Number of protein chains: 6
Amino acid sequence: MSTVKLVDENTKHPKVKAVFDDIKATKKIDRVPNIWRALATNPDHLELCWTRLKAIMQPGKVDMLTKEIIALAVSVTNSCRYCINSHTAATQKLGLSTEALGEVLAVVGLYNQMNKLSDAYQVEPDILPKLE
Amino acid sequence: MSTVKLVDENTKHPKVKAVFDDIKATKKIDRVPNIWRALATNPDHLELCWTRLKAIMQPGKVDMLTKEIIALAVSVTNSCRYCINSHTAATQKLGLSTEALGEVLAVVGLYNQMNKLSDAYQVEPDILPKLE
Amino acid sequence: MSTVKLVDENTKHPKVKAVFDDIKATKKIDRVPNIWRALATNPDHLELCWTRLKAIMQPGKVDMLTKEIIALAVSVTNSCRYCINSHTAATQKLGLSTEALGEVLAVVGLYNQMNKLSDAYQVEPDILPKLE
Amino acid sequence: MSTVKLVDENTKHPKVKAVFDDIKATKKIDRVPNIWRALATNPDHLELCWTRLKAIMQPGKVDMLTKEIIALAVSVTNSCRYCINSHTAATQKLGLSTEALGEVLAVVGLYNQMNKLSDAYQVEPDILPKLE
Amino acid sequence: MSTVKLVDENTKHPKVKAVFDDIKATKKIDRVPNIWRALATNPDHLELCWTRLKAIMQPGKVDMLTKEIIALAVSVTNSCRYCINSHTAATQKLGLSTEALGEVLAVVGLYNQMNKLSDAYQVEPDILPKLE
Amino acid sequence: MSTVKLVDENTKHPKVKAVFDDIKATKKIDRVPNIWRALATNPDHLELCWTRLKAIMQPGKVDMLTKEIIALAVSVTNSCRYCINSHTAATQKLGLSTEALGEVLAVVGLYNQMNKLSDAYQVEPDILPKLE
């Protein structure tokens, strides 16, 4: 159960209503996902989060499927249940098959292991990125 | 400074030498990166790590740049200094520009924030992935 | 379900009973929270944990609401479900409104993002704290 | 060493220059901290980060010292070296003594321990926050 | 609910069937644990994971109970619910009593606290491991 | 550099001096490790931390080498540089060879990977620990 009472999807609060409408229009969905209804308990923060997410989660130099795969990799590494669920669904919607999902997660798992081994042995960097 | 003495690149230990040679041939580099020289203090573990990494880090249903971007997203979320350095270099080698790197990291930063907000409000999943 | 059988609230074990009584008296509650009933499976550890928590969680140079807000910030960053629940309730009891909670969590979310961006770019510290 | 070349503080890039000027004016400092010079390699992301941080890091229902203490608690829990350094300095500037810092960190350390014990025993929540 | 449809325990897929049979024979159990049924959605990754785990999780210079205790310590520090559950059961099967489990977790909790205090004060290492 | 000025090893502060003397006597060392000199900036917290650590880090139902291995596993999973260094040295002092260290870290790396895969697929526990 969430720690706050989720704001009603049909709220009349002008700032919240504007964000909720934009979420539904942008994502082409007819319900407001729970996380936004929780964030709406502080309307200013809701607006800050949504406008920033909307600005970042659009195709740019990096395509949308890659962006959702990054979001999934981060969410798995953070063990965020709600987020893993939501980004797994998003990658599937964008065409990632269950077997390819397994390949993505193989990389996620592999580097969670390699990260810890690198930290454990405290090895110094050997390849410095070329600074442009 | 690393917590173990790095194994010499020119070691004669047969199992270690075979892995070191394969690392240099596979990655087309002429030096063995430090992490592998540290892992070589336990030759069996070195071999297990390398064969598994080699099997996963080749193009399959997911291309190499996407795999390196996933590795970078995981490494940043785990704050692994050596790994961030190494995967930043790898993505640059595969053609990711500094500005596009900024876009990748924008997604990484965004979902580290959204993950914590989702956990904080303990919202229930609203979209169940369709199980095939 | 917990991984151990929770110790009965009315246990006669002298060390456990003494701690349980002190928890109820100190927190002015009439039930022993589940975490303490789990810790009671090792009475020495129960006593160590409780006496230390009691010594730290009292007003000192930092007031109780700030201490509970710190506890919530840590629990969210660690994604500890039980703890987020418990410290959200504690901050509410001490007067934090739902909207102010949103402001606290906005800061928590913001720095989870900024932490990762700082790690990702591996920037060197620019402000050294003045050592007194 | 940072993974990207830090953008020059005196850059003529209009969007970057505007943000750099605003950072110096808002924070009343005469140098641009390194993290912003790194973020400036992607000017759009720089602007998104700064405007959002500025909106959240001002006194509201929660005062500035409490906000910096939250930022420090998050940074310690994430082990972000640059951020711990920067927020330790910020809390000192706002008047937190070294001994009081010790009290703040005592709470941070305590709940990193209690979080893990709660997770380890997988106890169910006993206090549900009252939903308003 | 899992994010993928778990593969049937009686699948005819040759690679998956071979791994499932080996898991049951090696662990002397008559059901395939859920995590392996999820991994089986990508048969190559299933095989890589199982052969590697089997090679590491056998007595060597370190005995099996110590290895399961390490697995539990890692799982608690990562807050992995499924894994805490599974490794708590494994340590019990190998003879660890509930009170001794409390002692193991006391160490896990203690160092989660000390780790954060060490990071918070950013102290330099004082004891360098002797490199052989 | 540490964020606070380390307290002098020869301080006359009675509470701090008593703890420093006890640390040197208990650990049979002639210098006070840096973390304790940092914690001494808040003498009450120093005493709480030291007495608790001393109570837990003594042989009980679990021997000292296993306790130091647990401490190392936690520190690696948390990526705590100071702590990894210190506990690697401690396990070596207690007789763990470099190759056996590699076997310990193999388990640590393995379960950091398996933890993330378990979280990623969100599988339900299949083995419930028997509650005594």
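Residues numbered from 1 in each chain as written. Chains lettered and ligands numbered in written order. Predicted model: local features only at pLDDT ≥ 70, side-chain atom pairs only at ≥ 80, totals over all residues. Heavy atoms only, no water.

Caption draft 1: Quick peek at the overall build of chain A. Looking only at helices and strands, chain A has 6 helices and 0 strands in total. Taken from N to C terminus, the helices and strands of chain A fall in the order α-α-α-α-α-α. Over its C-alpha trace chain A gives a radius of gyration of 19 Å, far above what one expects of a compact globule, namely 14 Å for 132 residues. For chain A, the spread of C-alpha atoms along the principal axes amounts to about 55 × 40 × 30 Å. When each of the 132 residues of chain A is scored for burial, the buried share is 63%. Here chain A displays about 5100 Å² of accessible surface, and carbon together with sulfur accounts for 53% of that area. Distance between charge centroids for chain A: 9 Å, based on 17 positive and 15 negative side chains. (Helix = DSSP H or I, 4+ residues; strand = E, 2+ residues; numbered from the N terminus. Rg over C-alpha atoms; globule rule 2.2 N^0.38 Å. Buried < 20%, exposed > 50% of the residue type's maximum accessible area, 1.4 Å probe, protein only. Areas by Shrake-Rupley, 256 points an atom, 1.4 Å probe, with all protein chains shown as cover. Lys, Arg positive; Asp, Glu negative; His and termini not counted. Charge placed at Lys NZ, Arg CZ, Asp CG, Glu CD.)

Caption draft 2: Representation of the relation of the copies chain C and chain B in the model. For the pair chain C and chain B, the superposition axis carries a translation of 0.0 Å, the fit reaches an RMSD of 0.0 Å, and the rotation angle comes to 180 degrees. Taken together, these values place the two copies in the relation of a two-fold axis. By C-alpha distance to the rotation axis, the residue of chain C lying nearest is C:Gln113, at 2.4 Å. A symmetric contact is evident, with 100% of the interface residues of chain C recurring at the interface of chain B. (Least-squares fit on C-alpha atoms with pLDDT ≥ 70 in both. Contact = heavy atoms within 4.5 Å.)

Caption draft 3: Focus on the state of the cysteines. Residues and elements named next belong to chain C. A complete count under the given rule lists 6 disulfides over all chains for this structure. One disulfide bridge connects Cys80 with Cys83, the sulfur atoms lying 2.3 Å from each other. For the disulfide bridge between Cys80 and Cys83, the dihedral angle about the S-S bond is near 45 degrees, and by the sign convention the bridge is right-handed. There is no disulfide at Cys49, and the cysteine sulfur nearest it, in Cys83, is 12 Å away. (Disulfide = S-S within 2.5 Å.)

Caption draft 4: Region of the structure containing the nonpolar core. Core analysis: the largest hydrophobic core is formed by 268 residues, its most contacted members being A:Trp36, B:Trp36, C:Trp36, D:Trp36, E:Trp36 and F:Trp36. Setting aside chain neighbours within four positions, we find A:Trp36 in contact with A:Phe20, A:Ile23, A:Lys27, A:Leu46, A:Cys49, A:Trp50, A:Leu53 and B:Met114. (Core = buried A, V, L, I, M, F, W, Y, C linked by side-chain atoms within 4.5 Å.)

Caption draft 5: Up close: the packing of aromatic side chains. Residue and element names in this part refer to chain C. Scanning all chains against the criterion turns up 6 aromatic pairs over all chains. Ring geometry for Trp36 against Trp50: centres 5.3 Å apart, planes inclined by 85 degrees, an arrangement best described as edge-to-face. Taken as a pair, Trp36 in helix 2 (residues 34–39) and Trp50 in helix 3 (residues 43–56) lie far apart in primary sequence, 14 residues in all. Each member of the pair, Trp36 as well as Trp50, is classed as buried. (Phe/Tyr/Trp six-rings, centres within 6.5 Å; stacked < 30°, edge-to-face > 60°.)

Caption draft 6: Summary view of the interface of chain C and chain B. Opposite the 19 residues of chain C that make contact, chain B presents 19 residues. Interface of chain C and chain B: buried area, both sides summed, is about 1800 Å²; carbon and sulfur atoms make up 56% of it. Counting across the interface, chain C meets chain B through 2 salt bridges. Among the salt bridges present, the one from C:Arg81 reaches B:Glu124, with a minimum N-O distance of 3.7 Å. On inspection of chain C and its partner chain B, the count reaches 10 residue pairs in polar contact (both at pLDDT 80 or more). When residues of the side of chain C that touches chain B are traced back to their parent elements, those giving at least two are helix 4 (64–77), helix 5 (81–93) and helix 6 (98–121) of chain C. (Buried area = accessible area lost by both parts, 1.4 Å probe. Salt bridge = Lys/Arg side-chain N within 4 Å of Asp/Glu carboxyl O. Polar contact = N/O pair within 3.5 Å; in protein donor to acceptor, adjacent residues only side chain to side chain.)

Caption draft 7: Geometry of the environment of C:Asn34. Inspection of the secondary structure puts C:Asn34 in helix 2. Here the alpha-carbon distance between C:Asn34 and C:Ser2, two residues 32 residues apart in the chain, equals 9.2 Å. Apart from the residues lying within four places of it in its own chain, the contact partners of C:Asn34 are C:Leu6, C:Tyr82, D:Val123, D:Glu124, D:Pro125 and D:Asp126.

Caption draft 8: The relation of the copies chain B and chain A, seen in detail. Overlaying chain B with chain A gives an RMSD of 0.0 Å, the required rotation being 180 degrees about an axis along which the chain moves by 0.0 Å. A symmetric contact is evident, with 100% of the interface residues of chain B recurring at the interface of chain A.

Caption draft 9: Quick look at unusual backbone geometry. All names here are of chain C. Not every positive phi belongs to a glycine, and Lys28 is a case in point at roughly 50 degrees. Turning to its location among the elements, Lys28 is positioned in the loop between helix 1 (14–27) and helix 2. The exposure class assigned to Lys28 is exposed, which follows from its relative accessible area of 73%.

Caption draft 10: Region of interest: the side chain of D:Lys67. Along the polypeptide, D:Lys67 turns up in helix 4 (residues 64–77). D:Lys67 has contacts with C:Glu103, C:Val107, D:Ile56, D:Met57, D:Gln58, D:Gly60 and D:Val62, leaving out every residue within four places of it along the chain.

Caption draft 11: Region of the structure containing the environment of F:Gln113. Residues and elements named next belong to chain F. Position of Gln113 among the secondary structure elements: in helix 6 (residues 98–121). The buried category is assigned to Gln113, whose relative accessible area is 1%. C-alpha of Gln113 to C-alpha of Glu124: the two residues are 11 residues apart in sequence and 18 Å apart in space.

Caption draft 12: The interface of chain B and chain A, seen in detail. Opposite the 72 residues of chain B that make contact, chain A presents 72 residues. Between chain B and chain A, the buried area comes to about 6400 Å², and carbon and sulfur atoms account for 64% of it. Taken as a group, B:Glu103, B:Tyr111 and B:Tyr121 account for 10% of the area that chain B buries against chain A, more than any other trio of residues on that side. Seen at the junction of chain B and chain A, the total is 2 salt bridges. Among the ionic pairs, B:Lys67 bridges to A:Glu103, the shortest N-O distance being 2.8 Å. Applying the counting rule to chain B against chain A returns 23 residue pairs in polar contact (both at pLDDT 80 or more). If you tally residues by element for the side of chain B that touches chain A, the top one is helix 6 (residues 98–121) of chain B, at 20 residues.

Caption draft 13: How the structure looks around the packing of helix 1 (residues 14–27) of chain E against helix 3 (residues 43–56) of chain E. Residue and element names in this part refer to chain E. Where helix 1 contacts helix 3, the axes come no closer than 9 Å and their chain directions differ by 25 degrees. Considering the angle they form, helix 1 stands roughly parallel to helix 3. Judged by the sense of rotation from one axis to the other, the crossing of helix 1 with helix 3 is left-handed. The segment helix 1 lies against helix 3, with Lys15, Val16, Val19, Phe20, Asp22, Ile23, Thr26 and Lys27 engaging Pro43, Asp44, Leu46, Glu47, Trp50 and Lys54. Grouping the amino acids of the contact of helix 1 with helix 3 by side-chain chemistry returns 7 nonpolar, 1 polar and 6 charged. (Axes fitted to C-alpha atoms, helices over the stretch in contact; angles between N-to-C directions. Parallel < 35°, antiparallel > 145°, perpendicular 65-115°, else oblique. Left-handed = near helix turned anticlockwise from the far one by under 90°. Nonpolar A, V, L, I, M, F, W, Y, C, P; charged D, E, K, R; others polar.)

Caption draft 14: Structural view of the confidence of the model for chain A. When pLDDT is averaged along chain A, the result is 94; 95% of the residues meet or exceed 70. Among the scores for the predicted complex, ipTM is 0.93 and pTM is 0.95. (pLDDT = per-residue confidence, 0-100.)

Caption draft 15: Representation of the side chain of B:Asn115 in the model. Here B:Asn115 is to be found in helix 6. Given the relative accessible area of 0%, B:Asn115 is considered buried. Engagement of the side chain of B:Asn115 in a polar contact is seen with the side chain of A:Ser75, the distance being 3.2 Å. Aside from chain neighbours lying at most four places away, what touches B:Asn115 is A:Val74, A:Ser75, A:Asn78, A:Cys80 and A:Cys83.

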